[in-house]
Amino acid sequence: MAGTPLMEFAITESVNVIALWASVVACSLNVILEREMGSLLMMISVIEKSISNGIKVSEVQITTLIEMLMRQAIKLDSIPTEGNASAQKNLQGKRVQKCVETLDVLKLSNARLKSVVVTTKWETFDPPPTSTTTAHWELFD
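Where an unreviewed UniProt entry is consulted, the protein chain appears under the name BAG domain containing protein, with the organism given as Trema orientale.

Encoded structure:
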């Protein structure tokens, strides 16, 4: 039994609204992920500068950043997209992959650096000489 033209129109419009809504949600998620990527990129930049200046970075920091980027990749994969949103998702995925590759290279460079050990020679003081003004002071060991 065929539906009336009004029912077919309503179904078509409902499908269009759902598709539009899915597109809006996908774009919103891309914006959120873009912000998260911005902060991760800043952290990568700081690590890169440290290593290029010969300062060894904790391997845990680099590994943690790699794990955070992999979580970003998983989030991206979970976003259903179509059209322009799909192209944005692919660009984001490539950015995440490039960042992971950069961190892998930095991890190798960091491993070649020697750790710097900072030691401090503490200054010691002799007890003050006894004088008339300090004679009534109590000295503690």
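More follows now that the structure is in view.
A. Looking closely at the overall build of the protein chain. A tally of regular secondary structure across the protein chain gives three helices and zero strands. Along the chain direction, N to C, the helices and strands of the protein chain fall in the order α-α-α. Buried positions account for 19% of the 141 residues belonging to the protein chain. Restricting the contact set of the protein chain to residue pairs at least 6 apart, pairs at least 24 apart contribute 81%.

B. Here's a closer look at the pattern of salt bridges. The tally for this structure, following the rule as stated, stands at two salt bridges. A salt bridge links Glu36 to Lys75; its shortest N-O distance comes to 3.0 Å. Here the residue Glu36 occupies a position in helix H1 (residues 5-52), and Lys75 occupies one in helix H2 (residues 59-77), the gap between them amounting to 39 residues. Judged by relative accessible area, Glu36 falls into the partly exposed class, the value being 27%. By relative accessible area, Lys75 is classed as partly exposed at 36%. When the shortest N-O distance is used, the salt bridge between Glu59 and Lys107 registers 3.9 Å. Highlighted residues: Glu59 in helix H2 and Lys107 in helix H3 (residues 84-112), separated in sequence by 48 residues. Taking the relative accessible area as the measure of exposure, Lys107 reaches 27% and is therefore partly exposed.

C. Structural detail: H2. End to end, H2 covers 27 Å across 19 residues, agreeing with the expected 27 Å (1.5 Å per residue, within 8%). Residues of H2 that are buried: Ile62, Leu65, Ile66, Leu69, Gln72 and Leu76. Mapping the buried residues of H2 onto a view down its axis gives an arc of 110 degrees, with all of them on the same face. When the buried face of H2 is taken as reference, the exposed residues oriented beyond 90 degrees from it are Val60, Ile74 and Asp77.

D. Quick peek at the side chain of Gln72. Mapped onto the elements, Gln72 comes out in helix H2. In this view, Gln72 contacts Leu33, Glu36, Met37, Leu40 and Val96; residues no more than four positions away in its chain are not counted.

E. Region of the structure containing H3. Relative to the 42 Å expected for 29 residues at 1.5 Å per residue, H3 spans 43 Å between its end C-alpha atoms, a close match to the ideal helical length. Within H3 the residues assigned to the buried category are Ala85, Lys89, Gln92, Val96, Cys99, Val100, Leu103, Leu106 and Asn110.

F. Fine view of the nonpolar core. Formed by 18 residues in total, the largest nonpolar core has its most connected members in Ile44, Ile47, Ile62, Leu69 and Leu103. Contributing elements (two or more residues each) for this core: H1, H2 and H3. Discounting residues that sit within four places of it in the chain, Ile47 has contacts with Val57, Gln61, Ile62, Leu65 and Leu106.

G. Highlighting the confidence of the model for the protein chain. With 67% of its residues at a pLDDT of 70 or more, the protein chain has an overall mean of 78. The spread of mean pLDDT over the elements of the protein chain runs between H1, the lowest at 72, and H2, the highest at 90.

H. A look at the packing of H2 against H3. Contact pair H2 / H3: the axes reach a minimum separation of 10 Å and the direction vectors enclose 165 degrees. Relative to H3, the element H2 is oriented roughly antiparallel. H2 and H3 meet at a crossing whose hand is left-handed. Along the contact surface, H2 presents Glu59, Ile62, Thr63, Leu65, Ile66, Leu69, Met70, Gln72, Ala73, Leu76 and Asp77, while H3 presents Lys89, Gln92, Gly93, Val96, Cys99, Val100, Leu103, Asp104, Leu106, Lys107 and Asn110. Of the residues that constitute the contact of H2 with H3, the class distribution is 12 nonpolar, five polar and five charged.

What counts as what
- Note on numbering: residues in each chain are counted from 1, in written sequence order.
- Local features in this predicted model are restricted to residues whose pLDDT is 70 or higher, and side-chain atom pairs enter the listing and the counts only when it is 80 or higher, whereas totals over whole chains, interfaces and linings include all residues.
- Working from all heavy atoms in the structure, the side-chain values ignore hydrogens and water.
- Numbered from the N terminus, helices here are DSSP runs of H or I no shorter than four residues, and strands are runs of E no shorter than two.
- Burial classes follow relative accessibility: with a 1.4 Å probe on protein chains only, a residue under 20% of its type's maximum area counts as buried, one over 50% as exposed, and anything between as partly exposed.
- Throughout, a contact is declared for two residues whenever any of their heavy atoms are within 4.5 Å.
- Salt bridge, as used here, is a side-chain nitrogen of Lys or Arg placed within 4 Å of a carboxyl oxygen of Asp or Glu.
- Helix span, as expected, comes to 1.5 Å for every residue beyond the first.
- The arc refers to the directions leading from the helix axis to the C-beta atoms.
- By convention a nonpolar core is built from buried Ala, Val, Leu, Ile, Met, Phe, Trp, Tyr and Cys residues, the set being connected through side-chain atoms within 4.5 Å.
- For every residue, the pLDDT score states the predictor's confidence, bounded by 0 at the bottom and 100 at the top.
- Between N-to-C directions, angles span 0 to 180 degrees; the directions come from axes that are lines fitted to C-alpha atoms, helices contributing only their stretch in contact.
- Note on terminology: angles under 35 degrees are roughly parallel, angles over 145 are roughly antiparallel, angles of 65 to 115 are roughly perpendicular, and the others are oblique.
- Handedness of a crossing follows from how the near helix is turned relative to the far one, being left-handed for an anticlockwise turn of less than a right angle and right-handed for a clockwise one.
- Throughout this entry, Asp, Glu, Lys and Arg are counted as charged residues, while Ala, Val, Leu, Ile, Met, Phe, Trp, Tyr, Cys and Pro are counted as nonpolar. The remaining residues, Gly among them, count as polar.

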